[in-house]
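Chain by chain, the residues run as shown.
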Amino acid sequence: MRFASPIYLLIFFPTLVFAYVYINITKKNSFNSHISFPRVSLLKNGDTGFKIVLLNILKILRYVPLILIIVALARPQVGKTFEQSSDQGIDIMIALDTSTSMCSLDFRPLNRMEVAKKVTQDFVKERKYDRIGLVIFSGLAFTQCPLTTDKGSLAEFIKNINIGDTGLDGTAIGSAIMTSVNRLKDSQAKSKIIILVTDGNNNAGEIDPVTASGIAQSYDIKIYAVGVGSPEGAIYEIDDPFFGKRKVRYTQDAINENVLKEITRNTGGEYFMARDAKSFENTMKQIDKLEKYEIEVVQFTNYSELYKYFLIPAFILLLLIIILENAYLRKLP
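Because the structure is predicted, anything quoted here is derived from the model rather than measured.

Chemist: I would appreciate a short explanation of the overall build of the protein chain in the present structure.
Modeler: Within the protein chain, the secondary structure is distributed over eleven helices and eleven strands. Within the protein chain, the fraction of its 333 residues that count as buried is 39%. Across the protein chain, every contact between residues at least 6 apart in sequence was considered, and the portion connecting residues at least 24 apart equals 80%.

Chemist: Sorry if this is basic, but what is going on with the environment of R275 here?
Modeler: Mapped onto the fold, R275 is located in the loop between β10 (271-274) and α10 (277-290). For R275, a relative accessible area of 44% gives the class partly exposed. Between the C-alpha atom of R275 and that of G227, which follows or precedes it by 48 residues, the distance is 8.1 Å.

Chemist: Quick question: what am I supposed to make of the pairing of strand β4 (residues 131-137) here?
Modeler: On a regular strand, each side chain points to the face opposite its neighbour's, so the side chains alternate between the two faces of the sheet. Burial analysis of β4 places six of its seven residues in the buried class, which makes it a mostly covered element. Across seven bridges, strand β3 (residues 91-97) lies against β4 in parallel orientation. Within the sheet, the bridge partner assigned to D97 lies in β4 and is F137. After leaving β3, the chain enters helix α5 (residues 112-126) and then returns to the sheet as β4, a path that is right-handed. Inspection of the sheet shows β4 paired to strand β5 (residues 141-148) by five bridges, in the antiparallel sense. Its bridge partner lying in β5, I132 is registered against T148.

Chemist: Would you mind going over the packing of aromatic side chains with me for this structure?
Modeler: Two measures describe an aromatic ring pair: the distance that separates the ring centres and the angle between the ring planes. Taken as a whole and judged by the stated rule, the model has zero aromatic pairs. Over the aromatic face of Y303 sits the side chain of R2, whose NZ or CZ is 3.8 Å from the ring centroid.

Chemist: Even after reading the chapter, I still don't get the packing of α5 against α10, so can you show me in this structure?
Modeler: Think of two packed helices as two axes; the pair is described by the angle between the axes and how far apart they sit. In contact at an axis separation of 10 Å, α5 and α10 are set at 25° when each is read in the N-to-C sense. Classed by the angle they form, the pair α5 and α10 counts as roughly parallel. In the packing of α5 onto α10, the handedness of the crossing is right-handed. Residues V115, A116, V119, F123 and E126 of α5 form the contact with α10, whose participating residues are A277, F280, E281, M284, I287 and D288. Here the residues of the contact of α5 with α10 are counted per class, giving eight nonpolar, no polar and three charged.

Chemist: I would appreciate a short explanation of the sheet that holds β10 in the present structure.
Modeler: Backbone-to-backbone hydrogen bonds pair the strands of a sheet. The strands run either parallel or antiparallel. Strand order in the open sheet formed by six strands is β5-β4-β3-β6-β7-β10, and the pairing between neighbours is mixed. In this open sheet, the two strands that pair with only one neighbour each are β5 and β10. Put simply, the sheet's adjacent strands are angled 15° from each other on average, direction ignored. For strand β6 (residues 192-198) and strand β7 (residues 221-228), the ladder comprises seven bridges, and the chain directions are parallel. Pairing of T198 across the sheet is with G227, part of β7.

Chemist: Sorry, what's going on with helix α9 (residues 257-267) here?
Modeler: Working note: α-helix, 3.6 residues per turn, so residues spaced by three or four point in the same direction. Every buried residue of α9 is listed here: V259, L260, I263, T264 and T267. The arc enclosing the buried residues of α9, seen along the axis, measures out at 130°, which places them on a common side. Turned more than 90 degrees away from the buried face of α9, the exposed residues are N258 and R265. In the core, the buried residues of α9 are packed alongside α7 (173-184), β6, α8 (209-218), β7 and β10.

Chemist: What is the right way to look at the nonpolar core in this model?
Modeler: Looking at soluble globular proteins, one finds that nonpolar side chains tend to be buried together. Counting residues in each nonpolar core, the largest one holds 30 residues, and the members touching the most others are I92, L134, I195, V226, F280, M284 and I287. Contributions of two or more residues to this core are made by β3, α5, β4, α6 (151-159), β6, β7, β10 and α10. Not counting residues within four places of it along the chain, the set of residues in contact with M284 comprises V119, F123, I195 and V226.

Chemist: Would you mind going over the environment of Q144 with me for this structure?
Modeler: Mapping Q144 onto the fold places it in strand β5. With 22 residues separating them in the primary sequence, Q144 and T166 have C-alpha atoms 10.0 Å apart.

Chemist: Would you mind showing me how to read helix α4 (residues 64-73) here?
Modeler: Those residues of α4 that fall on the buried side of the exposure criterion are P65, L68, I70, V71 and A72. Backbone geometry just downstream of α4 places R75 in the positive-phi region, at approximately 55°.

About the cut-offs
- The numbering scheme is per chain: residues are counted from 1 as the chain's sequence reads.
- Under the rules for a predicted model, residues below a pLDDT of 70 receive no local features and side-chain atom pairs below 80 are neither given nor counted, while totals for whole chains, interfaces and linings still include all residues.
- To obtain the side-chain values, all non-hydrogen atoms of the structure were used and water was disregarded.
- Under the scheme used here, helices are H or I runs from DSSP no shorter than 4 residues and strands are E runs no shorter than 2 residues, and both carry numbers assigned from the N terminus.
- Whether a residue is buried, partly exposed or exposed follows from its accessible area with a 1.4 Å probe, protein chains only, as a fraction of its type maximum: under 20%, in between, or over 50%, in that order.
- Contact between two residues is taken to exist if any of their heavy atoms lie within 4.5 Å; hydrogens are not considered.
- Strand pairing is assigned whenever DSSP detects at least two bridges linking the two strands.
- Handedness of a crossover is defined as follows: orient the strands so they point away from the viewer, and if the path from the first strand over the helix to the second runs clockwise, the crossover is right-handed.
- Stacked, tilted and edge-to-face are the three classes applied to pairs of Phe, Tyr and Trp rings, where Trp contributes its six-membered ring and a pair requires centres within 6.5 Å; stacked means planes under 30 degrees apart, edge-to-face means over 60, and tilted covers the rest.
- In this scheme, the term charge over a ring applies when either NZ of a lysine or CZ of an arginine sits within 6 Å of the ring centre and within 35 degrees of the ring normal.
- Fitting a line to C-alpha atoms yields each axis, with helices limited to the stretch in contact; the angle taken between N-to-C directions then spans 0 to 180 degrees.
- Throughout, the term roughly parallel applies to angles under 35 degrees, roughly antiparallel to angles over 145, roughly perpendicular to angles from 65 to 115, and oblique to all others.
- We call a crossing left-handed when the near helix sits turned anticlockwise from the far one by less than a right angle, and right-handed when that turn is clockwise.
- Side-chain classes follow a simple rule in which Ala, Val, Leu, Ile, Met, Phe, Trp, Tyr, Cys and Pro form the nonpolar group, Asp, Glu, Lys and Arg form the charged group, and the remainder, Gly included, forms the polar group.
- Starting at the helix axis, one direction is taken to each C-beta atom, and the arc is that of these directions.
- By nonpolar core we mean a set of buried residues, namely Ala, Val, Leu, Ile, Met, Phe, Trp, Tyr and Cys, connected to one another through side-chain atoms within 4.5 Å.

Below is the structure:
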């Protein structure tokens, strides 16, 4: 909140002092301090206890309308700030692997999927002026959220991702790239990128990842690939009938780093390896720094006047005081 005419606040305390002196000293001394009354017993028998309490309260309340009026004169305002960019930012499609191997426990205390969701949400929050979309894939790939500037809705989409959402297990990296390309190819943004997050080798889909990266390059789309986990495979917890719960490594889920490096090299992007939650977080911060585009942002604030919320109660309270003092609490000076 701000005051459009704060100069009126300078008279706040002097006015209160003047009002106090006038009411309690000057005005009080202008009347005779005694009255003629035929019988003192009538005063003793009068039930004036409540009225006296109320009268003492009014002595304080009579300053409140004055305070409210001064604040109203200072024109309190509340504003809502808007930002408008004069240029378009970067268009980003995040392709997130939701295959079964993302349940691997090598990112303790969370599994790969939960870490990926958390880090991706943090990345989205930092890209204030960019349009970002989401593709999820395993054996199939489809768009979970198209390009949008509504980061709140996108974060909610990411939060609700689950393993197996596509309905078919596997790792269709080529299909994920092509689905992302379809969302970016008609974009007029200065820069278009795909952030591919996966922990496996391409073993599903109808298009090869390298071929898909060539198509992305033809549309000036850059691919950043993040290999999540370990090249040695995923770690799972199983119930062994003889040894109870134990961890095993499944090597068929190993990341094919050569393919990921090739598809990023084809498009002018980079490949990153994230072996744990911290390195994954640092990787996304690196990508955030690499893909920056300066845009001019105009900020303006729309202010609403609040004086009426002070002025109206001031007049109501002043009227109430006058009525009480001259009717219900009618008194002699």
